[in-house]
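Report on the structure
Each chain, written out:
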Amino acid sequence: MRKKGKPNPNQRFFSLVVSLEAETTNGQKHCLAACISERIIVRASSPSNFDLEQQLWERVDNSSIRYMGNVGINIERPDHATLAVGGNVLVSGTLNHYSDSRVKENITIADCQEELQKVKQLNLYNYSYTDEFCDYSNIDQPEQFGVIAQEVQNILPDAVRNNGTANLESGKIENVLTVNKERIYMAGVGAVKELSGITDNIIDKIDELEQVNTNLVDRFKRRFGSKSTLNSNFTKYSKSKRNLFSSNDSIQSTHSVRRSLKMMQKAVCALSGVVILCLAAIVCLFVVMHHNANIVQSHHDDPYRCLLSQLEETCLQNHNGLGRLRPEKRTAPTPRLRGLQ
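A separate point is the pairing of strand β6 (residues 64–67). Direction of pairing for strand β5 (residues 57–61) relative to β6: antiparallel, over a ladder of four bridges. Following the sheet pairing, Trp57 is matched in β6 by Tyr67. Hairpin connection of β5 to β6: two residues between the antiparallel strands.

Going through the model one piece at a time under the given rule, you end up with four salt bridges. One salt bridge connects Glu114 with Lys118, and the closest N-O pair in it is separated by 3.6 Å. Linking Glu114 with Lys118, this pair stays in helix α1 (residues 112–121), spanning four residues, or about one helical turn. The exposure class assigned to Glu114 is partly exposed, which follows from its relative accessible area of 40%. The closest approach of N and O atoms between Glu115 and Arg183, which form a salt bridge, is 3.6 Å.

Before going further, it helps to spend a moment on helix α4 (residues 181–224). Look at α4: 64 Å from first C-alpha to last across 44 residues, which is about the 64 Å you get at 1.5 Å a residue. Of all the residues in α4, the buried ones are Arg183, Ile184, Ala187, Gly190, Ala191, Asn213 and Val217. Elements in contact with the buried residues of α4: α1, α3 (149–155) and β14 (177–179). The N-cap of α4, judged by a side-chain oxygen 3.2 Å from the amide nitrogen of Glu182 a few residues on, is Asn180.

Burial in α1 covers these residues: Cys112, Glu115, Leu116 and Lys118. Angularly, the buried residues of α1 cover 165° about the axis, an arc narrow enough to put them on a single face. Buried residues in α1 make contact with α3 and α4.

Another aspect to go through is the nonpolar core. If you look at the biggest cluster of nonpolar residues, it comprises 10 residues: Leu122, Val147, Ala149, Val152, Ile155, Leu156, Ala159, Val160, Ile184 and Ala187. Residues in contact with Ile155, not counting those within four places in the same chain, are Lys118, Gln121 and Leu122.

Calculation notes
- Residues numbered from 1 in each chain as written.
- Predicted model: local features only at pLDDT ≥ 70, side-chain atom pairs only at ≥ 80, totals over all residues.
- Heavy atoms only, no water.
- Pairing = 2+ DSSP bridges.
- Helix = DSSP H or I, 4+ residues; strand = E, 2+ residues; numbered from the N terminus.
- Salt bridge = Lys/Arg side-chain N within 4 Å of Asp/Glu carboxyl O.
- Buried < 20%, exposed > 50% of the residue type's maximum accessible area, 1.4 Å probe, protein only.
- Expected span 1.5 Å × (residues − 1).
- Contact = heavy atoms within 4.5 Å.
- Polar contact = N/O pair within 3.5 Å; in protein donor to acceptor, adjacent residues only side chain to side chain.
- Arc of directions from axis to C-beta.
- Core = buried A, V, L, I, M, F, W, Y, C linked by side-chain atoms within 4.5 Å.

Encoded structure:
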């Protein structure tokens, strides 16, 4: 087989070897004659037909074939995975992982609260692969839904892995990142477990509040008797007001309400009258105070007038005093003068 018009030095071939051997009584074999044929090239699709030196492919039994190395399907170099597939993978069964505790060590319980915080930081995107990368990786559905490896690397570093170089037509992309979605799935399980614990705590608190509510209703019934009925659900209290009294006492309760309303009306009228009287008294006091203030202000404005008014008042007082004393002085000496004559 030629490669680009030249002999291929890596061409695989077969050789037919024929030998004549003699075996002695003690079990030893001796080659008497041997002959080897020319190179025989066989066109075959299975490497096991001509790779006889390394024996990478090995038939274990009639239904199993073992290959010691990395296998790539529709991919150039499967250097970073034991099985690298460029395209879709159809699995009719299940994908199982070793999880036996006997093959594990350093087992510790994970912090579910921390996993919840990590999941909250993850963002989901709708995106499409480039046409060039779809041709390179044999992707038939460019539209995808998922995460971005660079963001996941900052939050879950153990979920991101370097997958080597992608040789595209436009150039090479070094250190192409891949995401381990199994790790993200387990983080989601931890987040759900943490949320379940929070929900259980809320349910317990609600149960406690309902128990307290029931106890309060029982105390109310024991205190006020059996005639009053209180609905335990306080959110429906507005709808259950008409059921607080029994049907036998509905007429009596109506009359008592009317009497109480009439008494309230009378009390309001009496209070209104008292308020009106108080307002009238306040107005009278205000008028008197305003009149006195005007008089005082006028006196302060004309000091001479004020002085004259004071002198007039003094004179009037003296005149009244003299008028009272004069009759006593006139009547007393008259009888004495007549007696002397």
